[in-house]
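# Structural overview for review
What follows is each chain in one-letter form.
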Amino acid sequence: MPHWTKLVAEKKQRQLKSIPQEWIVSPPPDSTLDVTGFPETCGLLTAREIEITNTSVDLLLQKLACGEWTAVDVTTAFYKRAIVAHQLVNCLTEIFVDRALARAAELDDHFKQTGKVVGPLHGLPVSLKDQLCIKGLETTMGYVSWIGRYAEKNAVLVDVLIECGAVPFVRTNLPQTVMWPESFNNIFGRTTNPYNRSLTPGGSSGGEGALVALKGSPLGVGSDIGGSIRIPSAFCGLYSLRPSYGRVPYCGALNSLEGQDSVHSVFGPMTNSVGGVKAFLKAIVNAKPWLKDPLAVRKKWQEDEYNLTDHGSGKDLCFAIMWDDGVVVPHPPITRSLEITKAALERAGHKVVDWKPTNHRLLADTTRNIWNAASAEDYMITTSVTGEPIIATMELDNSNAAAPFRPKKVGITAYQLWQVQKLRRDIRKEYLDHWEATVSETGTGRPVDAIICPASSYAATPHGKNRYTNYTTVWNALDYPAATFPVTTVDPTLDAKKPRHVFYDDFDKAIYDMYDLETFKNAPICLQLVGRTLEEEAVIKMTEIVDGALAAAK
């Protein structure tokens with residue numbers, strides 16, 4: 001077999017050839033950090049294509065469904081913008097223009113002949129994280145060992161999206177192993193944050209985060225085992241949803257740690273509007289994915305749950321704000337965004353109480369112990385085919401920095417794993433009881449309706465510095481659905497560093513010491529809204545309510 005670097009060079013050459021030459025632009029120099037305005041000023045997109053790519057998912061679907069815009073026009077517009085985005089932040093892996101446009105043309109023909117849409121996502125271009133297999137295309141998932149492996153069939157979610165009328169049109173970058181909250185691998189390299197290219201877009205769905213932030217895709221599908229949808233969405237200013245296990249089909253997709261059946265990875269949407277989150281989930285669950293994936297939950301879209309029948313029909317809701325998790329105190333912009341959200345909700349007539357976190361450190365440690373039971377072996381076996389090195393740091397200088405997301409070399413026995421899983425089960429019961437007990441402080445006769453909390457202790461960090469994910473990982477451990485929503489951006493006048501004299505421990509102090517305004521300049525700030533297991537409809541509706549309250553308060 002050729003040396004792994006030769007395989008990479010050949011793969012990169014194939015990727016380059018898949019980009020239409022007429023879509024190549026002259027990107028700004030690396031010293032230009034904020035590139036969010038470039039796609040509209042580079043001269044490649046027409047005024048109409050700029051209008052199309054600036055349109056929300058809801059409105060796009062309306063215009064496609066009435067025939068005002070064709071699937072070919074919409075797919076072309078987003079494809080051009082996606083290719084521009086890629087030249088700015090290196091976000092794409094697989095590019096298949098002819099195939100996507102042929103699919104869009106089929107949809108237009110169907111609409112012309114019948115006057116009807118194929119499904120609820122008719123004509124909508126959808127980008128996919130590089131785990132979702134598409135028949136006839138390579139899916140490397142950032143592993144050199146998987147170059148040259150062409151899928152024999154689609155992942156179930158790809159089939160469901162096609163059945164719903166969507167147009168899969170690009171696949172996006174991620175870290176080697178996918179088990180890292182940044183996006184760098186030995187094949188495609190590093191994805192950067194479009195708001196500030198010296199910062200990470202997060203991970204592991206960082207290619208999606210950067211692409212959707214640049215409006216190179218109206219809706220992307222990321223995956224999340226410990227925050228991999230919500231972290232890049234938070235770092236890139238997006239709406240997203242981490243659903244509960246089984247709500248969205250995973251069958252036929254590639255992954256690390258396959259066979260680890262305790263804390264599952266899930267697929268979910270990343271988009272520029274909460275309406276896009278709803279459109280995705282409603283379409284997927286109404287397509288009965290349980291008939292194609294044996295692990296998919298048999299639950300169609302529940303309109304009564306969306307109308308908050310279990311939450312007083314949405315009147316006088318009680319939200320709980322978690323100011324910190326008892327492990328790491330968030331940076332000033334995160335705390336300010338919580339304050340903004342609290343004030344907006346109270347102004348809208350809702351009650352806000354404080355959430356007291358319980359066992360968050362133990363929950364996150366337990367989750368990592370489950371993953372690390374055999375993850376070192378998993379990575380070693382996968383990379384040994386080519387001798388590709390396992391990436392130990394996402395630092396720019398490839399220094400020997402600590403590798404917080406790499407396991408120790410030795411795993412644990414099956415019996416030891418069972419004890420860890422038993423501990424997680426017991427903590428889940430404690431957390432359920434803890435939530436139920438809040439009925440005594442809400443004044444609504446119900447426990448807290450939803451938790452609002454940071455999606456990270458900081459805004460997007462410099463490359464290699466995203467070292468703490470517990471703010472998202474605990475909800476994976478509990479299997480609670482969680483949405484992200486944008487609040488503000490780092491502000492040099494409002495977010496000055498405040499002196500602190502008491503710290504939880506040295507790690508908390510190290511995170512505090514990371515903060516300075518210049519480093520985090522222009523970074524978006526998002527928060528999470530967390531509900532109960534399989535309560536996606538209610539989480540989406542309550543996110544709409546919070547989003548509306550924030551808009552009204554501006």
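Preceding this paragraph is the structure being described.
All values reported here derive from a predicted model rather than from experimental measurement. (Residues numbered from 1 in each chain as written. Predicted model: local features only at pLDDT ≥ 70, side-chain atom pairs only at ≥ 80, totals over all residues. Heavy atoms only, no water.)

### Observations regarding helix α8 (residues 206-213)
In terms of residue burial, α8 counts as a mostly covered element, since eight of its eight residues are buried. Among the residues of α8, those classed as buried are G206, G207, E208, G209, A210, L211, V212 and A213. (Buried < 20%, exposed > 50% of the residue type's maximum accessible area, 1.4 Å probe, protein only. Helix = DSSP H or I, 4+ residues; strand = E, 2+ residues; numbered from the N terminus.)

### As for the pattern of salt bridges
Enumeration according to the criterion identifies 28 salt bridges in this entry. Across the pair R171 and D130 runs a salt bridge, and its minimum N-O distance is 3.1 Å. Taken as a pair, R171 in strand β3 (residues 167-172) and D130 in the loop between β2 (125-129) and α7 (156-163) lie far apart in primary sequence, 41 residues in all. Residue classification places D130 among the buried positions, given a relative accessible area of 0%. Of the charged contacts, one joins R500 and D508 as a salt bridge, the two residues approaching to 2.6 Å between their closest N and O atoms. Take R500: its relative accessible area is 21%, and that puts it in the partly exposed class. Of the residues examined, D508 reaches a relative accessible area of 0% and is grouped as buried. A network of salt bridges, in which partner residues are shared, links R247, K299, E305, E536 and E537. (Salt bridge = Lys/Arg side-chain N within 4 Å of Asp/Glu carboxyl O.)

### Digging into empty space enclosed by the protein
Gaps left between atoms show up when a probe the size of a water molecule is rolled over them. Within the structure shown, the criterion is met by two cavities of 30 Å³ or more. By volume, the largest cavity amounts to about 40 Å³. Contributing to the lining of the largest cavity are A234, F235, I334, A455, S456, Y458, A459, P524, I525 and C526. Of all the secondary structure elements, the ones that give two or more residues to the lining of the largest cavity are α9 (230-236) and β13 (524-530). Sort the elements by how many residues they give to the lining of the largest cavity and β13 lands first, with three residues. (1 Å grid on protein atoms, 1.4 Å probe; cavity = no way out; pocket = protein on both sides within 12 Å on 5 of 7 lines; lining within 4 Å. Points joined across faces, edges and corners; volume = space filled by probe spheres on them.)

### Side note on the sheet that holds strand β7 (residues 239-242)
Reading across the sheet, the eleven strands line up as β1-β3-β2-β6-β8-β7-β12-β13-β11-β9-β10 and stay open at both edges, with mixed pairing between neighbours. The open sheet terminates on both sides in strands that have one partner only, identified here as β1 (92-95) and β10 (351-354). The average undirected angle you get between the axes of adjacent strands in this sheet is 30 degrees. Two strands pair when backbone bridges link them, and strand β11 (residues 450-454) and β13 are joined in this way by four bridges, in the antiparallel orientation. In the strand pairing of β13, I451 is matched with V530. (Pairing = 2+ DSSP bridges. Axes fitted to C-alpha atoms, helices over the stretch in contact; angles between N-to-C directions.)

### Digging into the nonpolar core
Counting residues in hydrophobic clusters, the biggest one holds 135 residues, and the most contacted among them are Y79, L161, I452 and W475. Top element by residues in this core is helix α5 (residues 71-89). It accounts for eleven residues. Excluding residues within four positions of it along the chain, I452 makes contact with F319, A320, I321, M322, L338, T341, L345, F485, L527, Q528, L529 and V546. (Core = buried A, V, L, I, M, F, W, Y, C linked by side-chain atoms within 4.5 Å. Contact = heavy atoms within 4.5 Å.)

### Some words on the packing of aromatic side chains
A full pass over the atoms with the stated rule returns 17 aromatic pairs. For the pair Y250 and F267, a centre-to-centre distance of 4.0 Å together with 10 degrees between the ring planes defines the contact as stacked. Placement of Y250 in the loop between β7 and β8 (266-271) and of F267 in strand β8 is noted, with a sequence separation of 17 residues between them. Judged by its relative accessible area of 0%, F267 falls in the buried class. Both rings, one in Y468 and one in Y471, keep their centres 6.0 Å apart while their planes meet at 80 degrees; by these two values the pair is edge-to-face. The two residues Y468 and Y471 agree in class, both being buried. (Phe/Tyr/Trp six-rings, centres within 6.5 Å; stacked < 30°, edge-to-face > 60°.)

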